[in-house]
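Architecture at a glance
Residue-level listing of the chains:
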Amino acid sequence: MMTNNTTELAPATTMTDTGLLILRIAVGATMIQAGLMKAFDFGTTVGFMESGGWRLPKFAAFMVTASETLGGIGLLFGVLTPLAACAVIGAMVDAWAVNVSADAFWSQPFNVPFLVAFSAAALLFTGAGTLSVDHRMFGRSRAPVAIAVGLLVAGIVVAIVTWIALNGTNPIHFTAP
């Protein structure tokens with residue numbers, strides 16, 4: 001007897017979209033909270049950048065605040081998800097580097113920035129799903145693979161270049177600096 005596979009796949013798609021919505025809410029809310037904390041206490045954010053040896057600390061503080069807040073909003077609602085994920089990846093690679101920059105990069109446990117960066121990368125490749133503004137307004141829920149790979153590389157490269165240009169050190173080292 002033949003079965004209709006289309007009916008069997010529909011609930012899985014709904015479950016996948018629900019899972020992507022849950023992941024977007026978690027990552028988006030995490031980033032919005034981190035960004036708004038920096039925005040509402042911008043002086044402390046600038047002071048943290050200054051104490052960490054960052055050049056142009058106001059500019060660096062603005063960049064991380066904007067990336068976290070706008071990236072978080074984009075992921076939460078599934079708006080321009082590939083760009084939002086790229087912004088979050090870049091901010092979290094640098095946040096992770098802050099946590100491990102005083103020692104060899106593998107010496108610290110994987111932490112929240114590391115987890116958030118990988119979650120954003122997952123959303124970059126899976127897309128926001130059908131329960132998103134991207135799907136409702138633009139008729140798409142995922143970027144082409146080449147664009148996803150390009151944005152992943154861009155997020156990581158921009159984070160490393162930003163770190164080197166504004167912090168003056170290489171965040172990736174195999175021994176303690």
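Reading the values: the criteria
- Residues numbered from 1 in each chain as written.
- Predicted model: local features only at pLDDT ≥ 70, side-chain atom pairs only at ≥ 80, totals over all residues.
- Heavy atoms only, no water.
- Phe/Tyr/Trp six-rings, centres within 6.5 Å; stacked < 30°, edge-to-face > 60°.
- Helix = DSSP H or I, 4+ residues; strand = E, 2+ residues; numbered from the N terminus.
- Buried < 20%, exposed > 50% of the residue type's maximum accessible area, 1.4 Å probe, protein only.
- pLDDT = per-residue confidence, 0-100.
- Axes fitted to C-alpha atoms, helices over the stretch in contact; angles between N-to-C directions.
- Left-handed = near helix turned anticlockwise from the far one by under 90°.
- Contact = heavy atoms within 4.5 Å.
- Nonpolar A, V, L, I, M, F, W, Y, C, P; charged D, E, K, R; others polar.

Description of the packing of aromatic side chains
All told, the structure shown has three aromatic pairs when counted by the stated rule. Where Trp54 meets Trp163, the ring centres are 5.1 Å apart and the plane angle is 80 degrees; that geometry is what we call edge-to-face. Here Trp163 lies in helix H7 (residues 145-167) and Trp54 lies in the loop between helix H2 (42-51) and helix H3 (57-77), a separation of 109 residues in the sequence. Trp163 shares its class with Trp54; the two are buried. Seen in terms of ring centroids, Phe114 and Phe118 are 4.7 Å apart; in terms of plane orientation they differ by 40 degrees. Their pairing is tilted. Taken together, the residues Phe114 and Phe118, both in helix H5 (residues 112-126) and four residues apart, mark about one turn of the helix. Among the residues examined, Phe114 registers a relative accessible area of 22% and is labelled partly exposed.

Some words on the confidence of the model for the protein
Summary statistics for the protein give a mean pLDDT of 86 and a share of 82% for residues scoring 70 or more. When mean pLDDT is taken per element in the protein, H3 scores highest with 96 and helix H1 (residues 5-40) scores lowest with 84.

Observations concerning the packing of H2 against H3
Interaxial distance between H2 and H3 falls to 8 Å at its minimum, and their mutual angle equals 120 degrees. Between H2 and H3 lies a crossing whose hand is right-handed. Of the residues in H3, those in contact with Phe42, Thr45, Val46, Met49 and Glu50 of H2 are Pro57, Lys58, Ala60, Ala61, Phe62, Val64 and Thr65. Its residues placed into classes, the contact of H2 with H3 shows eight nonpolar, two polar and two charged.

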